[in-house]
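Residue-level structural notes
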Amino acid sequence: MLILAVDTSAVASAALVSDDVPEGVLASFSTEDTRSHAEVLAPGIQEMLASAEITGEDIDALVVGVGPGPFTGLRSGIATARTLAFVWGKPLHGMVSLDAVALEVAESTAAVPEFLVVTDARRKEVYWARYTLEDGRLPHLEDGPHVSFAADLPDLPAFGAGAGLYADSLDCHPEFAQEQPDALYLGQFALARLAAGNGLLDSTPLYLRESDAQVPGPRKRAL
Amino acid sequence: MNRSQPLVLGIESSCDETGVGIVRGTTLLTNTVSSSMDEHVRFGGVIPEIASRAHLDAFVPTLEQALTDASVTLDEVDAIAVTSGPGLAGALMVGVCAAKALAVATGKPLYAINHLVAHVGVGLLDGQDNGGGSRQNGAAPRLPENLGALLVSGGHTEILKINSITDDVVLLGSTIDDAAGEAYDKVARILGLGYPGGPAIDKVARTGNPKSIRFPRGLSQPKYMGTAEEPGRHRYDWSFSGLKTAVARCVEQFEARSEDIPVADIAAAFQEAVVDVISSKAVLACREHGIKDVLLGGGVAANSRLRELTSQRCASAGIRLHVPPLNLCTDNGAMVAALGAQLVMAGVEPSGIRFAPDSSLPVTSVSLPA
Ligand SMILES: [Zn+2]
């Protein structure tokens, strides 16, 4: 099974992952930048497809990170994935973007039985979720995702760029202090879940916050 | 690419309308629009984040509907065009990302297009009042020489001179603060008339006396106007924020005296102030720049008094006013497709997929270079 995975919940990234190749990864790219998704994502995907000599017909399914993440960036990945899936006539699945970091933790020497994945939600808040990990199993999302102040999170080892940002109030793992959700891990996680017969989400974004819009109150009368 | 009668798909997402239009050369095949206007009603104005969320969910269904309505497949499409600005940044981003993905998935060329110039592009579609353009021996309709465009909507208020719709457009004047449609929305809220303000005020104003109160005409004092020889800094510009404040003060005065607020009179007087200053400055700009034909675009083109006074003043200045059908005046994908087709036919190269949306794209950028 060949999957095109896309995530723009923090940085822009995409990957072609397959369970038919030894390493599992045909091609991938990611940017450092968290604000130029609209420019870099489509060219990145185009070049990745070309370098791997893959066309839309070869792809079995698409996976997109549905956040949480800053809204405008998040939407650029979902708009891209939905449109590609529509044109190619392929199924599209959603994954919690924080799952990408959770899988990366699980596959590292830093793995612990219970931990948080934390990313930057801007406005002095973080997006986070709590995962548990049993030997030989995929990380399991126990709680979240949520958006909160870093100081209000459970006292557990914390992984991800959001933890690095608030290292003074969180038990941040230094090797993961800059780690962002990456489509590479999201795609691999999706493959593993599908292989295990587990379902995935649809592509509805996890905004977690309402728009800032306020319904205007009645106008003050002059008196 | 078929450059003589190109099949072009246009995408619009600069404000609260998700539009997909398809044209073949100058023939309109479909103009499919999904609006999030209802979701903004309780806020009394367009909320950018709500509009952006709605674009994301509306895009694929609108695209699918447009292809069905036009009975074309993506394979047949020669080029894709998308509004890359000006507009709301987050809203533009959705359409631009979707358009780029469409280009990647289909391998079709993509044109990044100026929204304001696209409003003029609808004048080139067959079967419209095409800005007085002529069609000879089956050739594509051409826009008249000395063409101007007056664009009035909730997002913009501009007067343009179109030397060439594909590569030479000049901004003569624009609002320096609120757009006219925005002023309508704010005043409608002050008067308790609901959203969108344009139609609500237009309706109530018909029963009011526009001369009962005189509201200020922004930027019309001599120091801003100057003379034809030595134009002031804002000779063809508008400002509506002072007008909105004047309406609020007026309402407060009635309230302070515990008198009933003459809503219809205030609405009529406000509308007269807006329409008077828009039409007088637009006609002045046309006269002083040799413009003989003016195309009216934008949602406020639906306003009965604006159409009436502008056509009167144009007529007495010897200028022809052209008003496309209303569904082509408001934001839509057909206008983007129409301008895209003009660019293809003129041999302009596509923009590629690396461009960034630009919320303040100037009209001098008709399409973005690769
Ligand atoms: Zn517009």
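Summary of the structure given here. (Residues numbered from 1 in each chain as written. Chains lettered and ligands numbered in written order. Predicted model: local features only at pLDDT ≥ 70, side-chain atom pairs only at ≥ 80, totals over all residues. Heavy atoms only, no water.)

With that settled, consider the overall build of chain A. Assigned secondary structure in chain A consists of five helices and 10 strands. Expressed as a percentage of its 223 residues, the buried residues of chain A come to 54%. In chain A, 64% of the contacts between residues at least 6 apart in sequence involve partners at least 24 apart. Total accessible area computed for chain A in this model is approximately 9800 Å², and 47% of it derives from carbon and sulfur atoms. Across chain A, the centroid of the 14 positively charged side chains sits 18 Å from that of the 32 negatively charged ones. (Helix = DSSP H or I, 4+ residues; strand = E, 2+ residues; numbered from the N terminus. Buried < 20%, exposed > 50% of the residue type's maximum accessible area, 1.4 Å probe, protein only. Contact = heavy atoms within 4.5 Å. Areas by Shrake-Rupley, 256 points an atom, 1.4 Å probe, with all protein chains shown as cover. Lys, Arg positive; Asp, Glu negative; His and termini not counted. Charge placed at Lys NZ, Arg CZ, Asp CG, Glu CD.)

Attention shifts here to the sheet that holds strand 10 (residues 320-322) of chain B. All names here are of chain B. The five strands lie next to each other as 8-7-6-9-10, forming an open sheet whose pairing is mixed. What marks the edges here is a single partner per strand, and that holds for strand 8 (168-174) and strand 10. Averaged over all adjacent pairs, the angle separating strand axes in this sheet is 25°, with direction ignored. (Pairing = 2+ DSSP bridges. Axes fitted to C-alpha atoms, helices over the stretch in contact; angles between N-to-C directions.)

Before going further, it helps to examine the packing of aromatic side chains. One pass over the structure, following the stated rule, counts five aromatic pairs over all chains. Between Phe71 of chain A and Tyr207 of chain A, the ring centres sit 5.2 Å apart and the planes meet at 85°, which makes this aromatic pair edge-to-face. Of the two residues, Phe71 of chain A sits in helix 2 (residues 71-88) while Tyr207 of chain A sits in the segment after helix 5 (183-195), which places them 136 residues apart along the sequence. Relative accessible area serves as the criterion here: at 12%, Tyr207 of chain A is assigned to the buried category. Three or more aromatic residues joined by ring pairs make a cluster, and in this case those are Phe115, Tyr131, Phe159 and Phe176 of chain A. Taking NZ or CZ as reference, Arg53 of chain B lies 4.8 Å from the ring centre of Phe71 of chain A, over its face. Sitting over the ring of Phe254 of chain B, Arg257 of chain B keeps its end group 5.1 Å from the ring centre. (Phe/Tyr/Trp six-rings, centres within 6.5 Å; stacked < 30°, edge-to-face > 60°. Lys NZ or Arg CZ within 6 Å of the ring centre and 35° of its normal.)

Quantified by volume, the largest pocket comes out at close to 1200 Å³. Lining the largest pocket are 46 residues, with Cys15, Ser153, Gly154, Gly155 and His156 of chain B positioned closest to its centre. For the lining of the largest pocket, the elements supplying multiple residues, two or more each, are strand 3 (27-35), helix 4 (115-121), strand 8, helix 5 (180-190) and helix 6 (197-205) of chain B. For the lining of the largest pocket, the element with the highest residue contribution is helix 5 of chain B, accounting for five residues. In terms of residue class, the lining of the largest pocket is built from 18 nonpolar, 20 polar and eight charged. Looking at the second largest pocket, it is lined by 29 residues, and the ones nearest its centre are Thr34, Arg35, Pro70, Asp120 and Arg122 of chain A. At the level of secondary structure, the elements contributing two or more residues to the lining of the second largest pocket comprise helix 1 (37-51), helix 2, strand 6 (114-120) and helix 4 (161-165) of chain A. Across the lining of the second largest pocket, the residue classes tally to 12 nonpolar, 12 polar and five charged. (1 Å grid on protein atoms, 1.4 Å probe; cavity = no way out; pocket = protein on both sides within 12 Å on 5 of 7 lines; lining within 4 Å. Points joined across faces, edges and corners; volume = space filled by probe spheres on them. Nonpolar A, V, L, I, M, F, W, Y, C, P; charged D, E, K, R; others polar.)

Opposite charge on two side chains lets them pair, provided their charged atoms get close. Across all of its chains, the model carries 18 salt bridges over all chains by this definition. Linking Glu47 of chain A and Arg354 of chain B is a salt bridge whose minimum nitrogen-to-oxygen distance equals 2.3 Å. Placement of Glu47 of chain A in helix 1 and of Arg354 of chain B in the segment after helix 12 (333-345) is noted, with the two residues assigned to different chains. The class for Glu47 of chain A is partly exposed, based on a relative accessible area of 43%. Among the ionic pairs, Glu288 of chain B bridges to Arg235 of chain B, the shortest N-O distance being 2.6 Å. Here Glu288 of chain B is found in helix 9 (residues 263-288), whereas its partner Arg235 of chain B is found in the loop between helix 7 (222-225) and helix 8 (241-256), with 53 residues between them in sequence. On the accessibility criterion, Glu288 of chain B (27% relative accessible area) is partly exposed. Taken together, the shared-partner salt bridges in this structure form one network comprising Arg75 of chain A together with Glu49 and Arg53 of chain B. (Salt bridge = Lys/Arg side-chain N within 4 Å of Asp/Glu carboxyl O.)

Residue and element names in this part refer to chain A. Bridging between strand 2 (residues 13-18) and strand 3 (residues 25-30) involves five bridges; their strand directions are antiparallel. Looking at the pairing, Val17 lines up with Val25 of strand 3. Between strand 2 and strand 3, which follow one another and run antiparallel, lie six residues, and Gly24 among them has a positive phi close to 85°.

With that out of the way, let us pick up the interface of chain A and chain B. In many reports, interface size means the accessible area that the parts give up when they come together. Chain A puts 36 residues into the contact, and the matching count from chain B is 38 residues. The interface formed by chain A and chain B contains three salt bridges. Where chain A meets chain B, there are seven residue pairs in polar contact (both at pLDDT 80 or more). Elements that contribute at least two residues to the side of chain A that touches chain B include exactly helix 1 and helix 2 of chain A. Residue contributions to the side of chain A that touches chain B peak at 13 residues, all from helix 2 of chain A. (Polar contact = N/O pair within 3.5 Å; in protein donor to acceptor, adjacent residues only side chain to side chain.)

Further remarks concern the coordination of the zinc ion. All names here are of chain B. The zinc ion binds to the protein through His115 (NE2), His119 (NE2), His156 (NE2) and Asp331 (OD), with metal-donor distances spanning 2.1 to 2.4 Å. Each of the four donor atoms around the zinc ion contributes to a set of angles spanning 92 to 156°, which defines the coordination as irregular. Positions of the donor residues of the zinc ion along the chain correspond to the pattern H-x3-H-x36-H-x174-D. Note that His115 and His119 are positioned in helix 4 at a spacing of four residues, about one turn of the helix. (Donors = N, O, S within 2.8 Å, 3.2 Å for Na, K, Ca; no water. Tetrahedral: all angles 85-135°; square planar, octahedral: opposite > 155°, others 65-115°.)

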